[in-house]
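Listed below are the residues making up each chain.
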Protein chains: 2
Amino acid sequence: MLAHRSIRQRAERLLALAATLLAALVIAGCANPGDSASASSPQAQPAATAVLPSWRDGIARETIIHFVDDVTRQGSPSYVPPDERIAVFDNDGTLWSEQPLYFQFVFMLDQVKAAAPKHPEWRNNPAFRALAAHDQAALAGQQKEVMKLIAVANSGMSVDEYDSTIRAWLGRAKHPKFRRPYTELVYQPQLELLAYLRANGFKTYIVSGGTVEFMRVFAQRVYGIPPEQVIGSSQRVKYEMRDGKPVLVREPKLDFVDDGPGKPVGIYRNIGRRPVLAFGNSDGDLQMLQYTAAQTGPHLALLVHHDDAAREFAYDRQSKVGKLDKAWDEARAKGWTVVSMKDDWNVIYPPGAGQ
Amino acid sequence: MLAHRSIRQRAERLLALAATLLAALVIAGCANPGDSASASSPQAQPAATAVLPSWRDGIARETIIHFVDDVTRQGSPSYVPPDERIAVFDNDGTLWSEQPLYFQFVFMLDQVKAAAPKHPEWRNNPAFRALAAHDQAALAGQQKEVMKLIAVANSGMSVDEYDSTIRAWLGRAKHPKFRRPYTELVYQPQLELLAYLRANGFKTYIVSGGTVEFMRVFAQRVYGIPPEQVIGSSQRVKYEMRDGKPVLVREPKLDFVDDGPGKPVGIYRNIGRRPVLAFGNSDGDLQMLQYTAAQTGPHLALLVHHDDAAREFAYDRQSKVGKLDKAWDEARAKGWTVVSMKDDWNVIYPPGAGQ
């Protein structure tokens, strides 16, 4: 009885997520490339010796540096021992771009298309036909069905096979606006912040609504974050023997949604401590920020505001992808630090990438 | 539909676990104290400078030391980079004692008794009456009902309140045979092994059927293992506001069973890498050992054999708690390292504790 209620709750949350994603899909025109504003010219890099060189002088940069100094200086009243210096970062829109459509969702849809030859029964499936034809009007009414196709297309294989599939996709896929691999569309100022925190004894985690297996493929190489520090949504996996070898096989069942109220739960499950620093960019990060800001000790809650149409994208309250509305109000009310992409960041992407 | 099947599978696994636990409970006489063999006399500690001083010279100790040397020596053909040196340890029966009844289960039953005044409806509940009266014959037929009482008694509070409850219990509870706090009944040779592995760049994890919140309370202090490196079974938790503060509240629902085939799943969820070393003691560790032994690179699979009735307990194939049967056969067939508590360990518990 209790179990049934929980299934219903999960299903509802999944559908809410699906609704958001599909709406985004429709708006984005199935990730059609290229109709956007031209990228700005590259900017000179400040001296490499400075702390957070891609952050412009301002309240955001000062707040971060003062906080880190406060919690790491021996004898400081706000001192936090190294093993409690847990910093959690959302991924989509906080560490890398998320427009026009979450990159991982683009991958999942590509998986559906790639799986089609093995599923002749899809030929008459209205959701699949709408997807294949980029028929946005038809897709709008097929959210549940598309999510089912995604679950099927992204299951059945072992976790190692899935890992290789993601790796291959990331190696060849390009962003429709910037024409660069997705893994180059990470924010240079955030790479510097992650490194700066680690140099100061922080353990840096990703806590994302994206799936854990997708992010683990590049998190170490791109962010310096090892697989065990990546927390995300997940499909269920099952232990079994295949050809006498023990493998974990992906099942077409959602296991955990690490989004919204799921984020503090994911943090509790995988870390077991309340973070001292949390960085997000959307309403999906609200509860993670609240949970961190309710820490009895020192803490810092931050939000990226996407206000840079020229160098990246500009969106907030009305956006289907990465909507920033309730969290924005709460940040103002509670004095959380809001980082303006346009004003606080010298550079958006790493040199040579996407700009 | 898929969701329902998964719930049924979980429920079945929970019932299997419940059956084992309750059988153990009946056999153990509700953890009645004191009727057991007398403890042996303290043993002299070898020189503190030696590696693994509480391990006697022999194949087990040699195998461990050679393995660690092989995977850490630069230029060795078996070299493993530090970030891949993942070592996983079962807890009950591998790092601390588990007889006559899993310590955490004793705690959970004490919680049922403590919650009774708030549940007048339990007065006529046959399972509760059997439990309160230590009526073993009646208990044997009430397994499902007892598990329900446990779920109720161990839910409702916030995770912080639960943490305090466990902490208080561990501070006052004593083992029925050794008359010592449970946290003193950890194996000295294993404490040395954990420290030795960490000194050689390994990341040490607990992967246990016990619940994550119970172990996290003492894992750092006793084993030097931080909360984020404790993987276990878990009840579901839910994010909510209580008196305007965000808290995680325990629900009376099982979320994950980290036992048997669940152990490789837990490892994948929380670590995302295949371990190079796994140490268990029972059939509940079989899949974790198989999964580690199927690692393409160097690896080491180990089992504790409880064959020391004088200093601890002697049990294997026929035991209700910590049964070692299939894993024992597979260890022999595959050449895994079996550690004899009697022959390989100089000392069982830390000096001054339980012997």
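A brief look at the structure comes next. On a predicted model such as this, the values are computed, not experimentally measured, just so you know. (Residues numbered from 1 in each chain as written. Chains lettered and ligands numbered in written order. Predicted model: local features only at pLDDT ≥ 70, side-chain atom pairs only at ≥ 80, totals over all residues. Heavy atoms only, no water.)

**What about the pattern of salt bridges?**
Per the counting criterion, the structure on display carries 39 salt bridges over all chains. Residue A:D163 is joined to A:R167 by a salt bridge in which the shortest nitrogen-to-oxygen separation is 3.0 Å. Of the two residues, A:D163 and A:R167 both sit in helix 7 (residues 159-172), four residues apart, roughly one turn of that helix. Overall, the relative accessible area of 24% leaves A:D163 in the partly exposed class. A:R167 gets classed as partly exposed once you look at its relative accessible area, which sits at 46%. Note that B:D255 and B:R236 form a salt bridge whose closest N and O atoms lie 3.2 Å from each other. With B:D255 in strand 4 (residues 245-256) and B:R236 in strand 3 (residues 230-242), this residue pair connects regions lying 19 residues apart in the sequence. Among the residues examined, B:D255 registers a relative accessible area of 13% and is labelled buried. A relative accessible area of 12% means that B:R236 is categorised as buried. Counted as one network, the salt bridges with shared partners bring together A:D69, A:D70 and A:R73. (Salt bridge = Lys/Arg side-chain N within 4 Å of Asp/Glu carboxyl O. Helix = DSSP H or I, 4+ residues; strand = E, 2+ residues; numbered from the N terminus. Buried < 20%, exposed > 50% of the residue type's maximum accessible area, 1.4 Å probe, protein only.)

**Regarding the interface of chain A and chain B**
The interface of chain A with chain B comprises 42 residues on the first partner and 42 residues on the second. Both faces combined, the contact of chain A with chain B buries some 3900 Å², and carbon together with sulfur accounts for 53% of it. By the criterion of area lost to chain B, the three top residues of chain A are A:E228, A:Y239 and A:Y268, representing 17% of everything that side buries. In this structure, the connection of chain A to chain B is made through seven salt bridges. Among the ionic pairs, B:R273 bridges to A:E228, the shortest N-O distance being 3.2 Å. Seen at the junction of chain A and chain B, the total is 14 residue pairs in polar contact (both at pLDDT 80 or more). Take the side of chain A that touches chain B: its biggest share by element is seven residues, from helix 1 (residues 2-28) of chain A. (Contact = heavy atoms within 4.5 Å. Buried area = accessible area lost by both parts, 1.4 Å probe. Polar contact = N/O pair within 3.5 Å; in protein donor to acceptor, adjacent residues only side chain to side chain.)

**Details of the relation of the copies chain A and chain B**
Of the transformation superimposing chain A on chain B, the axial component is 0.0 Å and the angular component is 180 degrees, with the fit at an RMSD of 0.0 Å. Put plainly, the chains are arranged around a two-fold axis. In terms of C-alpha distance to the rotation axis, chain A has A:N270 as its closest residue, with the C-alpha 3.1 Å off the axis. Of all interface residues in chain A, 100% are interface residues in chain B too; the two copies therefore contact each other through one and the same surface. (Least-squares fit on C-alpha atoms with pLDDT ≥ 70 in both.)

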